[in-house]
Amino acid sequence: MTLDLLLQEGCQLPANVPARQVPVDAAQWIANAQRLHDQGGCLLALWGADDRDRDGVFRVFAAFLLPDQLVVLEHTLAGANPVYPALDPWFPVANRLQRALYDLLGLKADGGDARPWLRHGGWPEYLFPLRREVGATQSYANHPRPYPFVPVQGDGVHEIAVGPVHAGTIEPGHFRFSVVGEKVLRLEARLGYTHKGIAKRFEKLSLQEGHRLAARICGDSTVAFSWAYCAALEAVTEIELPRRAASLRALALERERLANHLGDLGALGNDAGLAFGLMQFASLKERLVRLNQEVFQQRYLFDYVVPGGVAVDPGVRAVRALLDEAAMLELAVPALRAIYENHAGVQDRFRDAGVLSPELARAHGALGLVGRASGVAQDLRVDLPWPPYDRLRPNRALASAGDVAARVQLRFDEVMESLRLCRSLLETLPPGSSQLALPAAESGRLGIGLIEGWRGPVMIALETAADNRVRRCHAHDPSWQNWPLVEYAIIGNIVPDFPLINKSFNLAYSGADG
Amino acid sequence: MTAVAYAWQVGECLLAIALAPLFAGWVGQCRAWLQNRSAPPLWQPYRVLRKLFHKDAALATHASWLFRAAPYVVFSTMVVAAAIIPSVTTDLPLARVADAIALVGVFATGRVFISLAAMDVGTAFGSMGARREMMIGFLAEPALLMVLFCAFMTYGSTALPSVVEGALSQHAVVLHPSLFFAGVAFVMVLLAENARLPVDNPSTHLELTMIHEAMILEYSARHLALLEWASWLKLFNYACIGFALFLPWGIAVHGAGIGLLALAIGALLVKLVIAGAALALFETLSAKLRLFRAPEFLTMAFLFAVLGLLVYLLLGV
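Bringing the overall build of chain B into the picture now. Helices and strands together make up the secondary structure of chain B, namely twelve helices and zero strands. Counting from the amino terminus, chain B carries its helices and strands in the arrangement α-α-α-α-α-α-α-α-α-α-α-α. Relative to the globule expectation of 20 Å for 317 residues, the C-alpha radius of gyration of chain B, 19 Å, shows essentially globular dimensions. Along the first, second and third principal axes, the C-alpha set of chain B runs to 60 × 45 × 40 Å. Considering chain B as a whole, with its 317 residues, one finds that 50% of them fall into the buried category. Residue pairs in contact within chain B that sit at least 24 positions apart in sequence constitute 81% of those at least 6 positions apart.

Shown next, in the form of structure tokens:
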């Protein structure tokens, strides 16, 4: 089966972007993965479902991002022996995805790394929390086991263990550095400390309240996740979103991008020792989130995106205030950019630090901001524009150096572009209603929501059950793809440069751990 | 040597101990203003000390006597150093028995103890901080000695009080180009030795980038208070060395009365205010160097000090 044939196979999948679902057997699973890899597709997400109560089988899904659409392969596994062919020979990111899938659902890949990823001893190894027979409220004694890190040997090589508890107030993650003196030979991260069992929690919710949980998967991407959830739900119920609601959601998404980029730019200056930068950007970000509070009644826009529309419709005065703020930022940000770019000390720290080469980024399927800083021209707002981005026509920011400086430059470019988009959205805000009542969803349907959040593509796969309930909901954060790349970017750099390099990626812990 | 001299010897140490947190508070305040944020009060460091002294100390399970003793040793070395440096008067009995080379040795003693204590509990960060501190230290010490030699040659003595007296006994204000070079080198050494930007960042929370902070991560309560106090004293001492070498005006020389001493204290305060503001300005404008650029920075300091020495030897100015 060639790729063209594959893309005509299967059926259209309800989603906010062009998407196709293709049922395959084990042989086709491998053949198609290989073909998708050769065509430049990247593995976006891997998840499974326990359908033994319905037709006695498990199902494993793999979502691949192609330049013009999303392809979801669906492979059915007999209940007795749930083993599927591993994807990591073609897609390195599959390594951790497969381990997480095994930890949660007990579906085993027929190769690759077998160490646990999300299971840190919080539940027994014979138990798979996402299986239907396992209760969500049951608690287990914690039995942490030593985790075998890949050892590095040689004269003078030693390990530095950092985390999961850090000196600052940041999320937990363990980093094992193998170093010679100050030079890093290898870094291996261990994540999963913030696994909260969100997928299991979803199964107890109705479709109408799921967006509230989706909004809390990753606090700094709350708009992206709740929009992805609502987009999936709206695709399943086949309603068309009012144009005003779509514009307001895009406004919220761009403001989320602005808030995060401004925060990161300040933090990056601070990590290079320039506290002045942190203070200036922190004050800009604070003004932004205070205006969010005033206009949307939420500083970080939690629960602003609701099924069928948005929670608050800003009035004319609020639009005026938002436009004034955009004008203020359009002056302030370039002034600060000039300070960063003309500061020899800051540039010395940023340039050539933590280089992620375009080849490596492409091979590992780097997503979002990190990918674009390494020449991977992928931005869903441009590639697969969903309303209102189809009429907004955002410009793609791109850099190719792949170092900290490139990721900083990209953030500055995206801030300016987001300001332009906000202005355009506010000036052409369509009249009409901003919320629509949702009809009841048909049972047993799968819908996809795919949104370009500030970090990169955020995906929600939502399966409906009877009585308007959630049967299965899988959330995917782009940090899954980008975390392994931090480990490559640090190689050859020195230990004290790690915080700066890590900050320039600024990946999610909570969002990826689920 | 009279009883009055001994009284002033003790008085000067107490003055240093009391003023050091204030100086740190002033630098912090200036930094805050320069970053457009509202500043903590001037006496914030005293509040920090009170808070820390009221807490119960937590010790690592494997901490030895060295770990517990190090804060006291480090604090004492800084007090001894304060006794040798003529910050207010040159009439110091201790300064006559220990010259500036001994002073460098006193600082080194403090450094050795804090580094050993950092490695004592065996955490990765302690050892990392200690080895970085030693790297900075062994590069900064020669540069500091060269700066001191430059002043010694100019005034013909290795004791700091004699240097001050020498400078103040000249009737006209004489500009020494050699001392100008030494002054630049001294400021660079001061920044490196006191864990200031651009070599170390005193306000960072990133454990992997720390030097001084990494060494004291495992300390708490009174131990931490003493170490913080010692680091403020060290900054104060370095400032006073700088004043003695390059801006001695106002320091009371032999046989001064109460009036002159009050004047000397006033002059010291004015100099501290200016130096603190200058330090904060410099720190605000600079980013932190990559760790392996720190040796280049200190080599530059050494080079400046040698240049000063050469200017004096070859040109006689």
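Okay, back to it.
What tends to happen in soluble globular proteins is that the nonpolar side chains get buried as a cluster. In terms of nonpolar packing, the biggest core is built from 265 residues, with Ala228(A) and Ala185(B) touching the most fellow members. Ignoring sequence-local partners within four residues, the contact set of Ala185(B) consists of Ala143(B), Met146(B), Val147(B), Ala301(B), Phe304(B), Ala305(B) and Gly308(B).

Residues and elements named next belong to chain A. Here three strands make up an open sheet; going across it, the order is E8-E9-E10 and the pairing antiparallel. Either end of the sheet is taken by a strand with one partner, and the two such strands are strand E8 (157-162) and strand E10 (183-190). On average, each strand axis in the sheet is inclined to that of its neighbour by 20 degrees, with strand direction left out of account. Note that strand E9 (residues 174-180) and E10 share seven bridges and pair antiparallel. Following the sheet pairing, Phe175 is matched in E10 by Ala189.

Turning to helix H17 (residues 479-489) of chain A, a few remarks are in order. With eight of eleven residues buried, H17(A) lies mostly within the body of the structure. If you check which residues of H17(A) are buried, you get Ser479(A), Trp480(A), Gln481(A), Asn482(A), Trp483(A), Leu485(A), Val486(A) and Ala489(A).

Our focus in this paragraph is the environment of Gly126(B). Residue and element names in this part refer to chain B. With respect to the secondary-structure elements, Gly126 resides in helix H6 (residues 124-155). A tally of 24 C-beta atoms within 10 Å means that Gly126 is categorised as buried. Along the chain, Gly126 and Leu148 lie 22 residues apart, while their C-alpha atoms are 31 Å from each other. Ignoring anything within four residues of it in the chain, the contact list for Gly126 reads Ala118, Met119, Val121, Ala214, Met215, Leu217 and Glu218.

Interface size is commonly expressed as the accessible area that is lost once the parts come together. Of the residues lining the interface, 22 residues belong to chain B; the matching set on chain A comes to 26 residues. Split by residue class, the side of chain B that touches chain A holds ten nonpolar, eight polar and four charged.

Note that the residue after Gly163(A), namely Pro164(A), is joined by a cis bond; omega there is 10 degrees. As for its placement among the helices and strands, Pro164(A) is situated in the loop between E8 and E9. Phi at Ala195(B) is positive, roughly 55 degrees, even though this residue is not glycine. With respect to the helices, strands and loops of the structure, Ala195(B) is situated in the loop between helix H8 (177-193) and helix H9 (212-215). Given 21 C-beta atoms within a 10 Å radius, Ala195(B) is considered buried.

It is worth spelling out helix H10 (residues 316-342) of chain A at this point. Between the first and last C-alpha of H10(A) there are 40 Å, a value that for 27 residues agrees with the 39 Å anticipated at 1.5 Å per step. Along H10(A), the residues that are buried comprise Leu322(A), Glu325(A), Leu329(A), Val333(A) and Tyr340(A).

On to the domain arrangement of chain A. Residue and element names in this part refer to chain A. Segmentation of chain A into domains returns domain 1 (3-109) and domain 2 (198-513). Measuring from the centre of the C-alpha atoms in domain 1 to the corresponding centre in domain 2 gives 26 Å. Contacts between domain 1 and domain 2 engage 25 residues on the former and 26 residues on the latter. Contributing elements (two or more residues each) for the side of domain 1 that touches domain 2: strand E2 (19-24), strand E3 (42-51), strand E4 (57-65) and helix H4 (94-105). In terms of residue count, E3 provides more of the side of domain 1 that touches domain 2 than any other element does, six residues in total.

About the criteria used
Residues numbered from 1 in each chain as written. Chains lettered and ligands numbered in written order. Predicted model: local features only at pLDDT ≥ 70, side-chain atom pairs only at ≥ 80, totals over all residues. Helix = DSSP H or I, 4+ residues; strand = E, 2+ residues; numbered from the N terminus. Rg over C-alpha atoms; globule rule 2.2 N^0.38 Å. Buried ≥ 20, exposed ≤ 12 C-beta atoms within 10 Å, placed from the backbone. Contact = placed C-beta atoms within 7 Å. Core = buried A, V, L, I, M, F, W, Y, C linked by C-beta atoms within 7 Å. Pairing = 2+ DSSP bridges. Axes fitted to C-alpha atoms, helices over the stretch in contact; angles between N-to-C directions. Nonpolar A, V, L, I, M, F, W, Y, C, P; charged D, E, K, R; others polar. Expected span 1.5 Å × (residues − 1). Domains from an automatic or database assignment.

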